[in-house]
Amino acid sequence: DTGVSQNPRHKITKRGQNVTFRCDPISEHNRLYWYRQTLGQGPEFLTYFQNEAQLEKSRLLSDRFSAERPKGSFSTLEIQRTEQGDSAMYLCASSLGLGSSHEQYFGPGTRLTVT
Amino acid sequence: AQSVSQHNHHVILSEAASLELGCNYSYGGTVNLFWYVQYPGQHLQLLLKYFSGDPLVKGIKGFEAEFIKSKFSFNLRKPSVQWSDTAEYFCAVTRNTGGFKTIFGAGTRLFVKA
């Protein structure tokens, strides 16, 4: 399967714990995006990478959230000191950087439940 | 701030009925426009896109959308829906310059009765 993959698919954690999610984009895609989606809403932009550079980060993202893409391939999203409000589906997408094209291919998501 | 509004949160249609889902965005510059679809149990996938040129764009499975710049709209249409079109549909906007943030609408859940 050459699509975007995300691990784990589900994560249950207690409030205050740290969690880390991984995203493996389509291999030739140089752009990678993270989104958060809650029930009844569309995906909410969190951050964007072009290769290993984090070019944009939502102002909604608190300091507890950090994302990396160290070698321009896979990416990790870490949430520190989780809160119940962090419970959501976390989506990763990738795209092939052709000019301003932003046609994105989405992964299955990681569903986080904070108890 | 940029925003995307989808007018209908839930739509129920019978098979063979025509479909139009509204999408309006707020941003004064040049934009790229998308419709994504999420079938039950599947990933979000691209249905169609507009970058430039002909404002009437055709996508997969008989869907089309029309970009009306003066109305900041990008409505999705299909002349005759099928039961297999039951899904959630999301409109999305990306600025063409000055950033890469993509804004999604809240989505429209379509249920097609067989």
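Residues numbered from 1 in each chain as written. Chains lettered and ligands numbered in written order. Predicted model: local features only at pLDDT ≥ 70, side-chain atom pairs only at ≥ 80, totals over all residues. Heavy atoms only, no water.

**With respect to the state of the cysteines**
As used here, a disulfide is simply a covalent bond connecting the sulfur atoms of two cysteines.
And step 1. Taken as a whole and assessed by the stated rule, the structure comprises two disulfides over all chains.
And step 2. Across a sulfur-sulfur distance of 1.8 Å, Cys 23 of chain A and Cys 92 of chain A are joined as a disulfide pair. In this structure the cystine formed by Cys 23 of chain A and Cys 92 of chain A twists about its S-S bond by roughly -65 degrees; its chirality is therefore left-handed. In this pair, Cys 23 of chain A is assigned in strand S3 (residues 19-24) and Cys 92 of chain A in strand S9 (residues 88-95), connecting sequence segments 69 residues apart.
And step 3. Looking at Cys 23 of chain A, the relative accessible area reads 0%, which means it is buried.
And step 4. Given the relative accessible area of 0%, Cys 92 of chain A is considered buried.
And step 5. Paired through a disulfide, Cys 23 of chain B and Cys 91 of chain B show a sulfur-sulfur distance of 1.9 Å. Taking the sign of the torsion about the S-S bond as the criterion, the disulfide between Cys 23 of chain B and Cys 91 of chain B, at about -70 degrees, is left-handed. (Disulfide = S-S within 2.5 Å. Helix = DSSP H or I, 4+ residues; strand = E, 2+ residues; numbered from the N terminus. Buried < 20%, exposed > 50% of the residue type's maximum accessible area, 1.4 Å probe, protein only.)

**Describing the nonpolar core**
And step 1. Counting residues in each nonpolar core, the largest one holds 29 residues, and the members touching the most others are Leu 33, Trp 35, Leu 48, Phe 74, Leu 76 and Tyr 89 of chain B.
And step 2. Grouped together as the second largest cluster of nonpolar side chains are 19 residues, Trp 34, Phe 49, Ala 88 and Tyr 90 of chain A included. (Core = buried A, V, L, I, M, F, W, Y, C linked by side-chain atoms within 4.5 Å.)

**Some details on the pattern of salt bridges**
Between side chains of opposite charge, pairing is possible as soon as their charged atoms come close.
Residues and elements named next belong to chain B.
And step 1. The final tally for this structure, using the stated rule, is 10 salt bridges over all chains.
And step 2. Glu 64 is paired through a salt bridge with Arg 77; the nearest N and O atoms lie 3.4 Å apart. Residue Glu 64 is found in strand S8 (residues 64-68), and its partner Arg 77 is found in strand S9 (residues 73-78); the two are separated by 13 residues along the sequence.
And step 3. Residue Glu 64 is classed as buried on the basis of its relative accessible area of 18%.
And step 4. Classification of Arg 77 as partly exposed rests on a relative accessible area of 23%.
And step 5. A salt bridge links Glu 88 to Arg 109, with the shortest nitrogen-to-oxygen separation between them at 3.6 Å. Of this pair, Glu 88 sits in strand S10 (residues 87-95) while Arg 109 sits in strand S12 (residues 108-113), and the two are 21 residues apart along the sequence.
And step 6. Among the residues examined, Arg 109 registers a relative accessible area of 44% and is labelled partly exposed. (Salt bridge = Lys/Arg side-chain N within 4 Å of Asp/Glu carboxyl O.)

**Regarding the sheet that holds strand S7 (residues 65-68) of chain A**
Residue and element names in this part refer to chain A.
And step 1. Ordered by their spatial adjacency, four strands build an open sheet running S1-S3-S8-S7, and the pairing between neighbours is antiparallel. Either end of the sheet is taken by a strand with one partner, and the two such strands are strand S1 (5-7) and S7. The average undirected angle you get between the axes of adjacent strands in this sheet is 15 degrees.
And step 2. Taken together, the three bridges between S1 and S3 define a ladder with antiparallel strand orientation. Bridged to Gln 6 within S3 is Cys 23. (Pairing = 2+ DSSP bridges. Axes fitted to C-alpha atoms, helices over the stretch in contact; angles between N-to-C directions.)

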